[in-house]
Amino acid sequence: MPDESENYPGGVAGNATAVPLLAPADGVPPVLDTEADIADAAARLAAGSGPLAVDAERASGFRYSNRAYLIQLRRKGSGTFLIDPIPVDGGLTPLARVINDLEWVLHSADQDLPGLAELGLRPAALFDTELGGRLAGFERVGLAAMVERLLGRELRKGHGAADWSTRPLPADWLNYAALDVELLLELRDAVAEALAEQGKTDWAAQEFEHVRTTEPGPPKAERWRRTSGIHTLRRTRQLAIVRELWSTRDQLARSRDVAPARILPDSAIIAAAEADPKSVAQLRALPVFGGPRQRRYSREWLGAVERARALSDPQLPTLTQPYDGPPPVNRWERRDPEAAARLSAARGAMADLSAEHTIPVENLLTPDLVRRLCWDGLPEFRSGARPEDPNQAIDDFLKSGGARPWQRELAVPRLAEALFPAPA
């Protein structure tokens, strides 16, 4: 493996130096699952000092909901706590009173914050070690990779994709969960040092605040079009069957709090759309639908197919998904060559900026915002005129699209030069 130590300021070079971290230094703490336990944990955390390491385990792939099934907390002077929020769903108020005023340290915070917010747990400040690693230019930003390179410890993974709604939780899972916060505070300090050395502390602070304060957006329209294999279908009636089966599956999954794919896999939905079964017997002859788990819902599945079959032509979905904003990039050259040229120039400018500051291009500006700018973001693109102040025009557009001040400070001059080059 190449030596990447130069990409990890203050880190430990080479895997040979990493010391395996097999168990928490103070042992695996007990799981707290009563209101009395929570009140005691809150008091002990209040007596600690500094930021709070936070992690949460969900049951993605097993459950429909995004709720947290285990919460891990660690603070200097307090130790580590493992909290089962399910039995005490309404009893976390004492904990919230203490920890909501603290700086939280998470790795990939956007994954866990929504589920924690459902429980009334929201940080007053945030430090995201994964996002900080991206801004610092680290090539690998997984928790284990960063702990190894920055702290010289080997953090073994293995249960992140487990069904954390399982009760009781196995001992090795709890050991894994406790280790996820064992070194998170030390990692925060190492990442903060790397950011400071590169002059990126303020940039990171703006990004952390953006993650902390951004509310989850509404579900995307026509989510059924993301069904795996849908690209093989060529008729709108088939798409209607996919839509109805997907919606029926989603309703069943939501009501049972089971991941949709465990109710009915996408492959079965596509097979039904292709076959268009006319009876329960024909449906059950298809792959998966004849299994014991799906047979109990045969009437629901066939009903979905029949509803799709009964739709009039105007009620059928279109073959391609209506888009909000610019069309797919592969159509730009044909539909608007000038916009395609603008996008090419903007992408080149952003790539140069990314290399110069060692920041992934998608963290400089979201690709969607760059596309929207280049398609029809400024009225001058349609009139053929040049803005009186290209920098101001682009800055206003990016600001309206949610770009942070540091992003605009870097990107605006480069985009203005790329989109409105000075006359030769």
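Note that this is a predicted model, so its numbers are computed, not measured.

Undergrad: I would appreciate a short explanation of the nonpolar core in the present structure.
TA: Side chains of nonpolar character tend, in soluble globular proteins, to be buried together. Residues Leu365, Ile394, Leu398 and Leu415 are the most contacted members of the largest nonpolar core, which totals 57 residues. Both of domain 1 (20-213) and domain 3 (329-419) provide at least three residues apiece to this core. Beyond its immediate sequence surroundings of up to four residues, Ile394 is in contact with Leu373, Leu378, Val412, Leu415, Ala416, Leu419 and Phe420. In terms of nonpolar packing, the next biggest core, distinct from the first, is built from 31 residues, Ile241, Val242, Leu264 and Ile270 among them.

Undergrad: Teacher, can you tell me more about the packing of helix α20 (residues 390-400) against helix α21 (residues 405-419) here?
TA: Two measures define how a pair of helices packs: the angle their axes make with one another and the distance between the axes. Relative orientation of the contacting elements α20 and α21 amounts to 125°, with a least axis distance of 9 Å. When the interaxial angle is binned, α20 and α21 end up oblique. Viewed along their axes, α20 and α21 form a crossing whose handedness is right-handed. Contact residues: Pro390, Asn391, Ile394, Asp395, Leu398 and Lys399 in α20; Arg408, Val412, Pro413, Leu415, Ala416 and Leu419 in α21. Tallied by class, residues from the contact of α20 with α21 come to 8 nonpolar, 1 polar and 3 charged.

Undergrad: Is there a simple way to explain unusual backbone geometry in this structure?
TA: Comment: phi is negative for the bulk of residues other than glycine, and the bulk of peptide bonds are trans. The residue after Arg167, namely Pro168, is reached through a cis peptide bond having omega -5°. Tracing the backbone shows Pro168 in the loop between β8 (153-155) and α6 (171-182). In this structure, Ser108 is a non-glycine residue whose phi angle is positive, near 65°. Within the element layout of this structure, Ser108 appears in the loop between β6 (103-106) and α3 (109-118). Within the chain, Thr358 stands out as a residue other than glycine whose phi angle is a positive 55°. You can call Thr358 partly exposed: its relative accessible area is 42%.

Conventions adopted
Residues numbered from 1 in each chain as written. Predicted model: local features only at pLDDT ≥ 70, side-chain atom pairs only at ≥ 80, totals over all residues. Heavy atoms only, no water. Core = buried A, V, L, I, M, F, W, Y, C linked by side-chain atoms within 4.5 Å. Buried < 20%, exposed > 50% of the residue type's maximum accessible area, 1.4 Å probe, protein only. Domains from an automatic or database assignment. Contact = heavy atoms within 4.5 Å. Axes fitted to C-alpha atoms, helices over the stretch in contact; angles between N-to-C directions. Helix = DSSP H or I, 4+ residues; strand = E, 2+ residues; numbered from the N terminus. Parallel < 35°, antiparallel > 145°, perpendicular 65-115°, else oblique. Left-handed = near helix turned anticlockwise from the far one by under 90°. Nonpolar A, V, L, I, M, F, W, Y, C, P; charged D, E, K, R; others polar.

Take it as geometry only, folks, not as evidence of what the structure does.
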